[in-house]
Amino acid sequence: MTLAAVGMAGTLHAADIEAKLTIRDHKFEPAQLTVPAGAKIKLSIENQDATPEEFESHELNREKIVVGNGTITVFIGPLDAGRYPFFGDFHQETAQGVLVAQ
């Protein structure tokens, strides 16, 4: 493999799948997000509420605060096929979701 081919292959792998979640009224939208298994995911989370929320997932090993009216980026994967629940730690009763890798 030539150096140019190695660089291109690296670029291909670094080109993450982009996905987006929105927090509105202390709920994640969409509540179920489907992504390709085996891909690295660049997940943008926009909080449209005035109060902060925390994106948390034990299965994804992620925990990050999203300030009110703010946006964060979380990098995930590559993931095996399966279901990966997440929740908003500050509003667990309503802020629930699942990332499905298939």
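Because the structure is predicted, anything quoted here is derived from the model rather than measured.

Thresholds applied
Residues numbered from 1 in each chain as written. Predicted model: local features only at pLDDT ≥ 70, side-chain atom pairs only at ≥ 80, totals over all residues. Heavy atoms only, no water. Core = buried A, V, L, I, M, F, W, Y, C linked by side-chain atoms within 4.5 Å. Buried < 20%, exposed > 50% of the residue type's maximum accessible area, 1.4 Å probe, protein only. Helix = DSSP H or I, 4+ residues; strand = E, 2+ residues; numbered from the N terminus. Contact = heavy atoms within 4.5 Å. Pairing = 2+ DSSP bridges. Axes fitted to C-alpha atoms, helices over the stretch in contact; angles between N-to-C directions. pLDDT = per-residue confidence, 0-100. Phe/Tyr/Trp six-rings, centres within 6.5 Å; stacked < 30°, edge-to-face > 60°.

Caption draft 1: Region of the structure containing the nonpolar core. L21, F28, L43, I45 and F55 are the most contacted members of the largest nonpolar core, which has 22 residues in total. Secondary structure elements with two or more residues in this core: β1 (17–24), β3 (32–35), β4 (41–47), β7 (71–76), β8 (82–88) and β9 (96–101). Those residues in contact with I45, other than ones at most four positions away along the chain, are L21, I23, F28, F55, V66, G70, T71, I72 and V74.

Caption draft 2: Inspection of the sheet that holds β4 at higher detail. As summarised here, the arrangement of the four strands in space is β2-β1-β4-β7, forming an open sheet in which the pairing is mixed. Strands with a single pairing partner mark the edges of an open sheet, and in this sheet they are β2 (27–29) and β7. Adjacent strand axes in the sheet meet at a mean angle of 25° when their direction is disregarded. As paired elements, β4 and β7 share six bridges and run antiparallel to each other. Paired with L43 across the strands is V74, a residue of β7.

Caption draft 3: Looking closely at the confidence of the model for the protein chain. Averaged over every residue, the pLDDT of the protein chain is 89; the share at 70 or more is 85%. Low pLDDT, under 50, characterises residues 1–13; the stretch is placed with two contacts to residues that sit more than four places away or in other chains.

Caption draft 4: Spotlight on the sheet that holds strand β6 (residues 62–66). Reading across from one edge, β3-β9-β8-β5-β6 is the order of the five strands in this open sheet, with mixed pairing throughout. Every other strand in the sheet has two partners, leaving β3 and β6 as the edge strands with one partner each. Looking at each pair of strands side by side, their axes are set apart by 20° on average, direction ignored.

Caption draft 5: Highlighting the pairing of β4. Burial of the side chains of β4 is restricted to one face: I41, L43, I45 and N47 are buried, whereas none of K42, S44 and E46 on the reverse face is. Judged from the seven bridges that link them, β1 and β4 form a sheet pairing that is parallel. The residue of β4 that forms the bridge with K20 is S44.

Caption draft 6: Representation of the packing of aromatic side chains in the model. Per the counting criterion, the structure on display carries three aromatic pairs. Ring geometry for F28 and F55: centres 6.2 Å apart, planes at 85°, overall edge-to-face. Of this pair, F28 sits in strand β2 while F55 sits in strand β5 (residues 53–57), and the two are 27 residues apart along the sequence. In this structure, F28 and F55 share a single accessibility class: buried. Ring geometry for F55 against F86: centres 5.3 Å apart, planes inclined by 40°, an arrangement best described as tilted. Of this pair, F55 sits in strand β5 while F86 is found in strand β8, placing the two residues 31 residues apart along the sequence. Neither F55 nor F86 differs from the other in exposure class; each is buried. Clustering of aromatic rings is evident, with ring pairs tying together F28, F55 and F86.

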